[in-house]
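# Summary of the model geometry
Chain by chain, the residues:
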Amino acid sequence: MPIYEPLTSEKVAVVLDIGSAFTKFGFTSEFAPRNIIRSQVRCKNTNTIRRLYDFQSAEDLYDLLVEFIHTIFFKYALISPKDRPVVIVESLLCPTLFRESLAKVLFLQYEVSSILVLPSHLVCLASLAVDTALVVDVGYKEAVVIPVGFGLPIVQTWQALPLGGEAIHKNIQVLFNNTSTGAQNLSEEVLEDIKVRCCFVTKKSRADQLALPRSDLIPVPDIKYSHRGSQTLTVNGKIREKAFEILYEEDNDHFCLSTMILDAMLLVDRDLRNILAENLVLTGGTCMTPGFKARLKEELLKQLSNDRYRKLNVKQFKFHSMPCKENYASWLGGALYGATEFLGMKSVTKEFYLKEKHLPDWINLKDVESARFGSDVTSARA
Amino acid sequence: MSYITGPEYVRYACTCGLLKSLPNLYFCRHCSQLRCGFCVCPEVDSIFCGKCSENIPSAEAKVKKNKCANCLICPSCQQDLSTRIASKGVVNPDDSKSPAKKTYYLSCYFCGWNSRDVGIPDQTSPTGGWPERENVHSNRLQELLDSYKQIMLSQKQQKENDKKKKFGKFVSYTDRTGITASALRKRIGIPDIPHAMLRKPKLPESSTATTEVEELPDKFFTQEIDLLEVTTIEQRLLQPESQPVTVDKLFPAHKQLSIKKSLRCRHCERNVSKPEYNPNSIKFKIQLFAYYHIPEVRLVKVGDLKRGQPCEIIIKFTNPTQHQTTITILNLDLAEQERYVEEQQMMDISENLEVLSLQFKQPTSLPSLPGSQPSSLLSLPPRQPHLTIKSRKIKQTVNSTVEIPQSVFILPPRDDAAEYDDSNDTHNIEDDSNLVIWRKSNKVCIKLLVNIHEGETIGEEVFCGFTMDHVYTNIIAANFENKQPQKLNHKVRIFLNLGKM
Ligand SMILES: [Zn+2]
Ligand SMILES: [Zn+2]
Ligand SMILES: [Zn+2]
Ligand SMILES: [Zn+2]
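Right, let's walk through the structure included here. This is a predicted model, so every value here is computed, not measured.

### A short note on the interface of chain A and chain B
Between chain A and chain B, the contact holds 98 residues from the first and 84 residues from the second. With both sides pooled, the region where chain A packs onto chain B buries about 7,900 Å², and carbon together with sulfur makes up 60% of that total. Contact with chain B buries area across many residues of chain A, yet A:Phe31, A:Leu78 and A:Arg197 alone supply 9% of it, more than any other trio. Seen at the junction of chain A and chain B, the total is 7 salt bridges. Its salt-bridge partner being A:Asp63, residue B:Arg392 comes within 2.6 Å of it at the nearest N-O pair. Our enumeration of links across chain A and chain B arrives at 26 residue pairs in polar contact (both at pLDDT 80 or more). Among the elements that take part in the side of chain A that touches chain B, helix H1 (residues 58–77) of chain A stands out by supplying 9 residues, more than any other. Considered class by class, the residues forming the side of chain A that touches chain B number 52 nonpolar, 14 polar and 32 charged.

### A short note on the coordination of the zinc ion (ligand 2)
In a perfect tetrahedron of four donors around a metal, the angles come out at 109.5 degrees. In a perfect octahedron of six, they are 90 or 180 degrees. Residue and element names in this part refer to chain B. Binding of the zinc ion (ligand 2) to the protein goes through Cys49 (SG), Cys52 (SG), Cys68 (SG) and Cys71 (SG), at separations of 2.2 to 2.3 Å. Of note, the donors binding the zinc ion (ligand 2) are all from one chain and are spaced C-x2-C-x15-C-x2-C. For Cys68, a relative accessible area of 3% translates into the label buried.

### What about the sheet that holds strand E5 (residues 40–48) of chain B?
Taken in spatial order, the 5 strands of this open sheet run E6-E5-E11-E12-E13 (chain B), and their pairing is antiparallel. Edge strands, defined here as strands with exactly one partner in the open sheet, are strand E6 (55–56) and strand E13 (284–287) of chain B. Pairing of strand E11 (residues 258–265) of chain B with strand E12 (residues 271–275) of chain B involves 2 bridges; the strand directions are antiparallel. Looking at the pairing, B:Leu263 lines up with B:Ser273 of E12(B). Packed onto the sheet, H1(A) meets E5 and E11 of chain B and runs at close to 25° relative to E5(B).

### Let's talk about the nonpolar core
Membership of the largest hydrophobic core comes to 90 residues, with the highest contact counts inside it found for B:Tyr12, B:Phe317, B:Phe409, B:Ile446, B:Met468 and B:Leu496. The leading source of residues in this core is H1(A), at 12 residues. If you look at the next biggest cluster of nonpolar residues, it comprises 56 residues, including A:Leu233, A:Leu257, A:Tyr309 and A:Leu312.

### Things to note about the coordination of the zinc ion (ligand 1)
Residue and element names in this part refer to chain B. Distances from the zinc ion (ligand 1) to its protein donors, Cys14 (SG), Cys16 (SG), Cys36 (SG) and Cys39 (SG), fall at 2.2 to 2.3 Å. Classification of the site at the zinc ion (ligand 1) rests on its 4 donor atoms, whose angles at the metal span 104 to 113°, yielding the label tetrahedral. In primary-sequence terms, the residues that donate to the zinc ion (ligand 1) follow C-x1-C-x19-C-x2-C. Within this pair, whereas Cys16 is found in the loop between strand E1 (10–13) and strand E2 (19–20), its partner Cys39 is found in the loop between strand E4 (33–36) and E5, the two being separated by 23 residues in sequence. Cys16 sits in the buried class, given a relative accessible area of 4%.

### Things to note about the pairing of E12(B)
All names here are of chain B. Counting buried positions along E12 gives 5 out of 5 residues, so the element sits mostly inside the fold. Linking E11 back to E12 in an antiparallel pair, the connection comprises 5 residues, with Glu269 at a positive phi of about 70°. Where E12 meets E13, 3 bridges bridge the pair, whose relative direction is antiparallel. Its bridge partner lying in E13, Pro275 is registered against Phe284.

### Observations regarding the packing of H1(A) against helix H2 (residues 96–109) of chain A
Residues and elements named next belong to chain A. Contact pair H1 / H2: the axes reach a minimum separation of 9 Å and the direction vectors enclose 55°. By the criterion of interaxial angle, the relationship of H1 to H2 is oblique. Considering only the axes of H1 and H2, their crossing is right-handed. When H1 is examined against H2, the residues Ala58, Leu61, Tyr62, Leu65, Val66, Ile69 and Phe73 are found in contact with a partner set consisting of Leu97, Phe98, Ser101, Leu102, Lys104, Val105, Leu106, Leu108 and Gln109. Its residues assigned to classes, the contact of H1 with H2 shows 13 nonpolar, 2 polar and 1 charged.

### Here we look at the pattern of salt bridges
The tally for this structure, following the rule as stated, stands at 36 salt bridges over all chains. When the shortest N-O distance is used, the salt bridge between A:Glu59 and B:Lys395 registers 2.8 Å. Here B:Lys395 lies in the loop between helix H8 (334–361) and strand E17 (400–402) and A:Glu59 lies in helix H1, a pairing that spans two chains. Its relative accessible area of 30% is what places A:Glu59 among the partly exposed residues. We note a salt bridge from A:Asp307 to A:Arg310, for which the minimum N-O separation is 3.0 Å. With A:Asp307 and A:Arg310 both in helix H11 (residues 307–310) and 3 residues apart, the pair spans about one turn of that helix. The same class applies to A:Asp307 and to A:Arg310, which are both exposed. Within the structure, one salt-bridge network assembled from shared partners comprises A:Lys204, A:Asp208, A:Glu245, A:Arg295, A:Glu299 and A:Lys302.

Calculation notes
- The residue numbering used here restarts from 1 in each chain and proceeds along that chain's sequence as written.
- Each chain gets a letter, beginning with A, and each ligand a number, beginning with 1, in the order they are written.
- For this predicted model, a pLDDT threshold of at least 70 governs which residues receive local features, and a threshold of 80 or more governs which side-chain atom pairs are given and counted, while totals over whole chains, interfaces and linings are taken from all residues.
- No hydrogens and no water enter the side-chain calculation; it runs on all heavy atoms of the structure.
- Residue contacts are defined here by distance: any two heavy atoms, one from each residue, within 4.5 Å place the two residues in contact.
- Defined in terms of a 1.4 Å probe, buried area is the accessible area two parts forfeit on being brought together, summed over both.
- Every case where a carboxyl oxygen of Asp or Glu lies within 4 Å of a side-chain nitrogen of Lys or Arg is listed as a salt bridge.
- Within 3.5 Å is the distance limit for a polar contact, defined as a pair of N or O atoms, with the added protein rule that one can donate a hydrogen and the other accept it, and that residues adjacent in sequence qualify only through two side-chain atoms.
- Per the convention used, a helix needs a DSSP run of H or I reaching at least four residues, while a strand needs a run of E reaching at least two, with both numbered from the N terminus.
- Here the nonpolar group is Ala, Val, Leu, Ile, Met, Phe, Trp, Tyr, Cys and Pro; Asp, Glu, Lys and Arg are the charged ones; every other residue, Gly included, is treated as polar.
- A donor here means an N, O or S atom no more than 2.8 Å from the metal, or no more than 3.2 Å when the metal is Na, K or Ca. Since water is not included, a site may seem to lack partners.
- Residue burial is assigned from relative accessible area. The probe radius is 1.4 Å, only protein chains are included, and a residue is buried under 20% of its type maximum, exposed over 50%, and partly exposed in between.
- Whether two strands pair depends on DSSP finding at least two bridges between them.
- With axes taken as lines fitted to C-alpha atoms, and helix axes fitted only over the stretch in contact, angles between N-to-C directions fall between 0 and 180 degrees.
- As used in this record, nonpolar core signifies buried Ala, Val, Leu, Ile, Met, Phe, Trp, Tyr and Cys residues forming a set joined through side-chain atoms within 4.5 Å.
- Angle rules define the geometry names used: all angles between 85 and 135 degrees makes four donors tetrahedral, while opposite donors over 155 degrees apart and all other angles between 65 and 115 make four donors square planar and six octahedral, leaving every other case irregular.
- If an angle is under 35 degrees, it is roughly parallel; if it is over 145, roughly antiparallel; if it lies from 65 to 115, roughly perpendicular; otherwise it is oblique.
- Note on convention: the crossing is left-handed when the near helix lies turned anticlockwise from the far helix by less than a right angle, right-handed when the turn is clockwise.

Function cannot be read off these values alone, since they describe shape.
In structure tokens, the structure reads:
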């Protein structure tokens, strides 16, 4: 028997943050996601696991999302999606095809009543109650830096580089190839597991020595990693320490994680620069690696002596500490926003969608107006 | 039963344009159309715990965060945990007859994890009191949430007030007389306090950033690491709030509840599948599987697949219904399906407007159902009418053509008793011997000729297809309107994979 909810009960909304590697799922008003699952589905035709972001065409993506959203509602949320509001937390740089396909699946296939789309770089500040910050999101596919000033993301100054979990996994494989262990073509799951359990971000002083052809550095202990049951793989100290170095190896254009952050600061108003430097916010799963923050601070301070950044006139960097784990910081923002009247006021309704056939766009400034929750806090404070 | 596991050699085209094997299709008897998992509307029917088989009402499941209050799973391998008894002396050491004092701890039979390893004290009751982990930030976050709610509420009210002011000019007494509310208050001696609603909400305190960051502990450079002590990413994500890095921080987790799902036809809003409520039952209250209504086609034999000469294939038809049917093999005619899809897309815009106007006119009432009365109240749609899924163009192409036979053939009804009876096998049916090569009870084998198209090369998979027209006897209409069972012609496109050339 279907159980109808009493009319008086507050309708909680599902909050979804679909990352390229992991999806955070939960409900509004809650302070942690119910589940963090991989953004993938089992393809029924070929019986293989496919990641959502590996789609081949618009229709393929639609079908993958139909399957994925089905899992979210019927395996985890355990509610019928029809006539329910949904909160989506997404990157400001989310491909249009992806966000439009998601909206189409939710509205047409699952008939949700409304969708509230929130930009991750803005809403991750909700749990800190700050409205101006430089938000650095280091995820799986890329690292994205977007300054937020008085509750508005300064989208024009965004910086992105393919520096994240995926690049680190590839780097670990390269490091293995350079050893004599013969561990070639390791699967991404194994590489990820080695990254998570064996590797860390080392100190700058050690990293400089590691980069030299020879040094008298005492290496960190090797780890015996049992692989495929019986085989043992030696994850040597060099691999453990160098896996994350790719974040700070400048490419041909001298870009790396630290320069991105400073470049974004160069693009904002002079008066805002110091405020941003003293309000750094790190989100995304990669930021949870031991040593990540400390090293980033060292790298940023080092870059300040560079001619390019001297004119920033920045002397120090201050970091915020999140009241949550970094990998669900944006999700948490969505859960907070979605619990307020904002949900009813700024959601895209099914009626609107059926008429317009698309979502309003972030990049369109008129539409961004609708995301000024942060600035509302400012005006209330003033 | 090779179709359960093996590759799908025979696939039927659903009304929505997707190809599925027969056991994956539904047949809506009210619309007389095929439906599949993609084009029906799934709904949560009932919620239960897969371990203790307890049904949980949805309101309770919501409070319990979709977790079973009683069952716990292993934080290490995610299998069900068992409660084990440990005896610790006696309840009253002075009394020799005192019963043994029992304590309980949790243990995993699969990986050996147990609650004592992580320092959880044994419990005196088998069912519970296992300590739950609190979110250390919950006070701060609750404070934030409360102020955000207030801020947004006052903003909403302000907006509504602004709207009222715009439209409500000259309505209020004070406005008309030119006296402000504040002046009026003063005059009649009430202190001038702004309305509670207009008071600025209290702001949450901002987080302060520091130059201090968590340094990498020196032990990373010297300490030997035993990987058995370090959690995997799956173990961490099982507990999103704490995401423990070492195994000694793993806490037992409550088991996620499961659901039974019902499926609704989007056209007529009736169920095509509805399970029984009891979690232990695997039966259905409503199950309109196509397997019970549409003749089953199986590939029996495929001749030599060679270009330039017709290939003989033998296929078997089985009638699953209690009614005799006549089957006609027709052209596949994919162009017609394509036209149908395009026509639907043309109707798309006007259809959406229709849905909208319907919703505005009758926001809660039921949409009028044409024809007969619904079979049960439960299958009535509780809410807005469904949006229908747009049909797609069938993607599968064929590289061979079936020679369409001139004659039709009859499939007798299913007769379970006849399965054991070899004698009475002639149904006195006159068959075209060029087409029908074998028949027994409700089964018929026919012979078809297939011509592979020019230009196909060796090693290529050969696909052919035809449209099966069968007479479907609809007993639903008969039940409700005291009429004779309705007979109608139902057409299905069927695709065969004949293997490699
Ligand atoms: Zn279908
Ligand atoms: Zn249970
Ligand atoms: Zn276990
Ligand atoms: Zn129907």
